[in-house]
Amino acid sequence: MIHYKNDEEVELMRKSALLVSKTLTEVAGMLKPGITTLSIDQMIGTFIRDHKAIPSFLHYNGYPFNSCISVNDVVVHGFPSQHPLKEGDIVTVDVGVILEGWHGDHAYTFMIGKPSDDVIKLVKITKESLYKGIEKAVAGNRVGDIAYAIQEHTEKKNGYGVVRELVGHGLGKDLHEDPQVPNYGKRGSGPVLRDGLVIAIEPMINMGKKEVFTEEDGWTVRTRDGKPSVHFEHDVCVRKGKADILSDYTGIEAAEKANTALYSVD
Ligand code: MF3
Ligand code: CO
């Protein structure tokens, strides 16, 4: 069942989404070679609670951390650990909060030091594909129009692998609501998008093949071929004419540019 949000509810969801953006901005200022992803996760938990919110991933289906931090060939749901980050790593930080009962859930992939040119291109194309998907998130279109736009830019144009097992989703009082929002599909297929639908659009794109597997821990999703994977996620409200992006990369990108330990693309 799809839950449409009224204007007041959308504004509350914007607050939740922006708290995630603010958290990721803090992360962008902290990342450097040598830092452990566990220390980032701890900062994330403290920051969210200091802002009167709850880290929504913690205990979700038994998930044991505040955030998902996925390095290199980890696609999503990486466990924060004592393993230090190093030059050339790419790191996806995925954060969720519940603020006044409403979920925010978004993610950003950072580059530590300067990765190889093909990794930089993967990051750039994946981020572009997110915005191409968002452009289609307007009332009257269908979920398949978003999916097609993302697949077109990543798989068809650039030969990347689009992960099939994990998809974007509706967002609201629950972290995962209907509809599912895949990153692959046919134009004009799937549920119709209507004004007030809030969705998390989240391309998960592999440099190599699309196949992934889940580790013994039951969570960590990795590429089968061991090549890197990138994940960007925004929370978006479907509107007539133009989608309203509730989350915001502006602060994150400014902090990324200001941090000399990080590489950034525009
Ligand atoms: N952002 C992810 C999602 O949309 C992460 C949730 S997994 C969790 O599904 F278990 F950590 F919550
Ligand atoms: Co999500």
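Conventions and cut-offs
- Residues numbered from 1 in each chain as written.
- Chains lettered and ligands numbered in written order.
- Predicted model: local features only at pLDDT ≥ 70, side-chain atom pairs only at ≥ 80, totals over all residues.
- Heavy atoms only, no water.
- Helix = DSSP H or I, 4+ residues; strand = E, 2+ residues; numbered from the N terminus.
- Rg over C-alpha atoms; globule rule 2.2 N^0.38 Å.
- Buried < 20%, exposed > 50% of the residue type's maximum accessible area, 1.4 Å probe, protein only.
- Contact = heavy atoms within 4.5 Å.
- Axes fitted to C-alpha atoms, helices over the stretch in contact; angles between N-to-C directions.
- Parallel < 35°, antiparallel > 145°, perpendicular 65-115°, else oblique.
- Left-handed = near helix turned anticlockwise from the far one by under 90°.
- Nonpolar A, V, L, I, M, F, W, Y, C, P; charged D, E, K, R; others polar.
- Pairing = 2+ DSSP bridges.
- Donors = N, O, S within 2.8 Å, 3.2 Å for Na, K, Ca; no water.

**Q** Sorry if this is basic, but what is going on with the overall build of the chain here?
**A** Along its length, the chain carries 5 helices and 16 strands. The C-alpha atoms of the chain give 17 Å as radius of gyration, which agrees with the globular expectation for 266 residues (18 Å, within 12%). The C-alpha extent of the chain, read off along each of the three principal axes, is 45 × 45 × 35 Å. Burial status across the chain gives 55% buried among its 266 residues. Residue pairs at least 24 apart in sequence account for 71% of intrachain contacts in the chain once pairs closer than 6 positions are excluded.

**Q** Help me understand the packing of helix α3 (residues 117–135) against helix α4 (residues 143–158) in this model?
**A** Geometrically, a packed helix pair is captured by the angle between its two axes and the distance between the axes. Running from N to C, α3 and α4 point in directions that differ by 155°, and their axes come no closer than 8 Å. By the angle between their axes, α3 is roughly antiparallel relative to α4. Handedness of the crossing formed by α3 with α4: right-handed. Here Lys-121, Ile-125, Glu-128, Ser-129, Lys-132 and Gly-133 of α3 lie close against α4, whose contacting residues are Ile-146, Ala-149, Ile-150, His-153, Thr-154 and Asn-158. Here the contact of α3 with α4 is built from residues that sort into 4 nonpolar, 5 polar and 3 charged.

**Q** Help me understand the pairing of strand β8 (residues 177–181) in this model?
**A** Where a strand is regular, its side chains alternate between the two sheet faces. Taken together, the 3 bridges between strand β7 (residues 168–170) and β8 define a ladder with antiparallel strand orientation. From the neighbouring strand, His-169 faces β8, where its bridge partner is Gln-180. A loop of 6 residues connects β7 with β8, the two strands running antiparallel in sequence.

**Q** How do you make sense of the coordination of the cobalt ion (ligand 2) when you look at a structure like this?
**A** Distances from the cobalt ion (ligand 2) to its protein donors, namely Asp-105 (OD), His-169 (NE2), Glu-202 (OE) and Glu-233 (OE), fall within the range 2.1 to 2.3 Å. In the primary sequence, the donor residues of the cobalt ion (ligand 2) line up as D-x63-H-x32-E-x30-E. Of this pair, Asp-105 sits in strand β5 (residues 102–112) while Glu-233 sits in the loop between β13 (229–231) and β14 (234–237); the two residues are 128 residues apart in sequence, bridging distant segments of the chain.

**Q** Before we go on, may I ask you to explain the sheet that holds strand β6 (residues 161–162) in this structure?
**A** In any sheet, the strands associate via hydrogen bonds between backbone groups, in a parallel or an antiparallel arrangement. Taking strand neighbours across the sheet as the criterion, the 3 strands line up as β6-β10-β13 in an open arrangement whose pairing is antiparallel. Looking along the sheet, the strands with just one partner apiece sit at the ends: β6 and β13. Bridge count for β6 against strand β10 (residues 204–206) is 2 bridges, and the pairing is antiparallel. Across the sheet, the residue bridging to Val-162 is Ile-205, located in β10.

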